[in-house]
Structure formats: structure tokens, C-alpha cells
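Observations on the three-dimensional arrangement
What follows is each chain in one-letter form.
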Amino acid sequence: FTVTNTTKTAEGVILHHGTLTEGDAINLGDTVSAQVDKTRRQAIMRNHTAAHLLQAALREVLGSHVEQAGQLVDSELCRFDFVHFSAMTKEEIKAVEDRVNEIILEGIDLMIKEMPIEEAKAMGAMALFGEKYGDVVRVVKVGDFSTELCGGTHAESTGNLGLFKVISESSVAAGVRRIEGTTGLGVLALLEEKEGMIESCAKEMKLSNSADLVKKTTQLQSDFKAAQATIDRKSVV
């Protein structure tokens, strides 16, 4: 039985929705065993932890006015919407990316603990604006870098993330920006994609070594400008 979604009833019972892909029908009263897709779950854990590091890095680089305005985490990427008044510069994006990777390479163990909400507030735990919390909350703490209230799944250590790479930064609405990034195997996939593009360009330009791509591109631009100048002169005559 492949689970594709879960929901919670008003009584707090978690229901699993999906499709029977092998075997006989499942009957009322049957005992079943559940198994998590380990590869997918670990990728989600890495990206979720990265979202916490990303928020802390954004606040360091852009300012304490940065607040979460939305978030999506899956096995492919982490998407973080935040309050900010202008587009991020290339330098700011690099600073954020570098800061997240610094924390990753430090290999900081995460502290995940349930505690009274007042105790969590005293620790400086960040909460989502407008979100309702009970008397007992779950705190996810990454050293002295990030402390947030969160009920999601996370990596055991920042070192498990491998590396972090920003994919894009864009506008969502007035005063709200969106930044997307990926970790671990997602970074490797991104590198492979970029390498493929470089090799394809080199092949189109009939280069045996992709390292000569910049030199060849510069030469082609120079040749084009010279040819265009020649055409312009003949047109005048």
C-alpha cells in the first residue's frame, strides 16, 4: 500500500491515504507494518533544516525585519518566502549562501526538544506570526545560530546537509521575496545540469575542451562586431 498523503481527524487520528499496488485487499482489523522511504525522507530532512539555517542567515545579512511569509520543503528543494523591501543583490545572495554553508561545515548537532512555551520564548525561539501554539511546543535549535518552534522532521547534524546552493530569488508580492535552494544530492544534480549545459555549448562551438569556452565566446563576439561594422560601412556606401 503506497501512501501518498496523510490527514488528521478532529479526534487527532492520523489517516493514511494511498493505493494498494501489490497483494490482496487490506481488511478491517489487519495488522500492517509501515516503512518510510529512507532516501526521500532524508532529502526532506536536509532541506527542512536548510530552511531554518536560511532564515537565520537572511536575518544576519538583510536585517532583523526578515520574517517568514511562507515555506515549502520537499525532497527536491526548500522554498522560503520572507518579508523584505527589495530584490537581493548578487552579493547578498552569495553572503547568505556562504553563511549557510559555514554552519553546515561546522557539523553542529541539532537540539530537538519539547518544552513549555514560556521556556521556549525565554530561549528566543522564533515563532510564525499568527500561528497558534499550545502550552507545550517543540523547539529546534542549531547551536547559537538558529532557534525556532517547529514540528517537522530534521537532520541530526548540519553536516548531514552536505552543501547548500541557492537556485533562485524572486518577488512573490509587494514586500515579499522568495528564495529557493537545495542541499545534498540536489546540489550534485544541479552541478551535473550546469556541467551538461557547458559541455553542450562547447560541442556546438566545436571545442574539445570546455575550459576554452569563455575564450571562444569572446572571439566570436569580436568577430561578429567586426563583421557588423563591415556591413554597416558597405550599407553607407
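Below is a summary of the structure that appears in this document. Quantities reported herein were computed from a predicted structural model and do not represent experimental measurements. (Residues numbered from 1 in each chain as written. Predicted model: local features only at pLDDT ≥ 70, side-chain atom pairs only at ≥ 80, totals over all residues. Heavy atoms only, no water.)

Together, Phe1, Val3, Leu20, Ile26 and Val32 give the surface a local cluster of nonpolar side chains, amounting to about 450 Å² of exposed area. Secondary-structure assignment places Ile26 in the loop between strand E2 (14-19) and helix H1 (38-62). (Patch = residues over 30% accessible without salt bridge, like charges linked within 9 Å, V, L, I, M, F, W, Y side chains within 5 Å. Areas by Shrake-Rupley, 256 points an atom, 1.4 Å probe, with all protein chains shown as cover. Salt bridge = Lys/Arg side-chain N within 4 Å of Asp/Glu carboxyl O. Helix = DSSP H or I, 4+ residues; strand = E, 2+ residues; numbered from the N terminus.)

So, on to helix H2 (residues 90-106). For H2, built from 17 residues, the straight-helix expectation of 24 Å at 1.5 Å per residue is met to within 8% by its first-to-last C-alpha distance of 24 Å. Where H2 is concerned, the buried positions are Val96, Glu97, Val100, Asn101, Ile103 and Ile104. Seen from one end, H2 has its buried residues packed into an arc of 160°, which puts them on one side. H2 presents Glu91, Leu105 and Glu106 as exposed residues on the side facing more than 90 degrees away from its buried surface. Of the surrounding elements, those touching the buried residues of H2 are H1, strand E6 (136-142) and strand E8 (164-173). Gly107 sits one or two positions beyond H2 and adopts a positive phi of about 60°. (Expected span 1.5 Å × (residues − 1). Buried < 20%, exposed > 50% of the residue type's maximum accessible area, 1.4 Å probe, protein only. Arc of directions from axis to C-beta. Contact = heavy atoms within 4.5 Å.)

This brings us to the sheet that holds strand E9 (residues 176-183). Sheet architecture is open: four strands sit in the order E3-E4-E9-E8, paired in antiparallel fashion. Strands with a single pairing partner mark the edges of an open sheet, and in this sheet they are strand E3 (68-73) and E8. Taking each pair of neighbouring strands and ignoring which way they run, the sheet shows an average axis angle of 15°. Alignment of strand E4 (residues 78-83) against E9, held across six bridges, turns out to be antiparallel. (Pairing = 2+ DSSP bridges. Axes fitted to C-alpha atoms, helices over the stretch in contact; angles between N-to-C directions.)

Bringing helix H4 (residues 185-204) into the picture now. Between its terminal C-alpha atoms H4 stretches 29 Å, which fits the 28 Å expected from 20 residues at 1.5 Å a residue. Buried positions along H4 lie against E8, E9 and helix H5 (213-236).

Strand pairing in a sheet takes place through backbone hydrogen bonds and is either antiparallel or parallel in direction. Read across the sheet, three strands follow the order E5-E6-E7 without closing on themselves; strand pairing throughout is antiparallel. The open sheet is flanked by strand E5 (110-116) and strand E7 (146-149), the only strands paired with a single partner. Neighbour-to-neighbour, the strand axes of the sheet open up by a mean angle of 20°, direction not taken into account. Both E6 and E7 contribute to a ladder of four bridges, which runs antiparallel. Note on E7: the bridge partner recorded for Val139 is Leu149.

What follows covers the nonpolar core. In summary, soluble globular proteins display a tendency toward joint burial of nonpolar side chains. Core analysis: the biggest nonpolar cluster contains 28 residues, and Leu53, Leu54, Leu58, Phe82, Met88, Phe164 and Ile179 have the highest contact counts within it. Taken together, the elements giving at least two residues each to this core come down to H1, E4, H2, E6 and E8. Of all the elements, H1 adds the most residues to this core, at eight residues. Among residues more than four places away in sequence, those in contact with Ile179 are Leu54, Leu58, Cys78, Arg79, Phe80, Phe82, Met88, Val166, Ser168 and Glu169. Counting seven residues, the second-largest nonpolar core is a separate cluster that includes Met115, Ile117, Val137 and Leu149. (Core = buried A, V, L, I, M, F, W, Y, C linked by side-chain atoms within 4.5 Å.)

Okay, the packing of aromatic side chains next. Within the structure shown, the criterion is met by one aromatic pair. Here Phe80 and Phe82 contribute two aromatic rings whose centre-to-centre distance is 6.3 Å and whose plane-to-plane angle is 20°, an arrangement assigned as stacked. The same class applies to Phe80 as to Phe82, namely buried. (Phe/Tyr/Trp six-rings, centres within 6.5 Å; stacked < 30°, edge-to-face > 60°.)

With that settled, consider unusual backbone geometry. Glycine aside, residues mostly have negative phi, and peptide bonds are mostly found in the trans state. Even without a glycine there, the phi angle at Lys206 is positive, about 60°. Relative to the helices and strands, Lys206 resides in the loop between H4 and H5. Accessibility expressed as a relative area gives 75% for Lys206, which makes it exposed.

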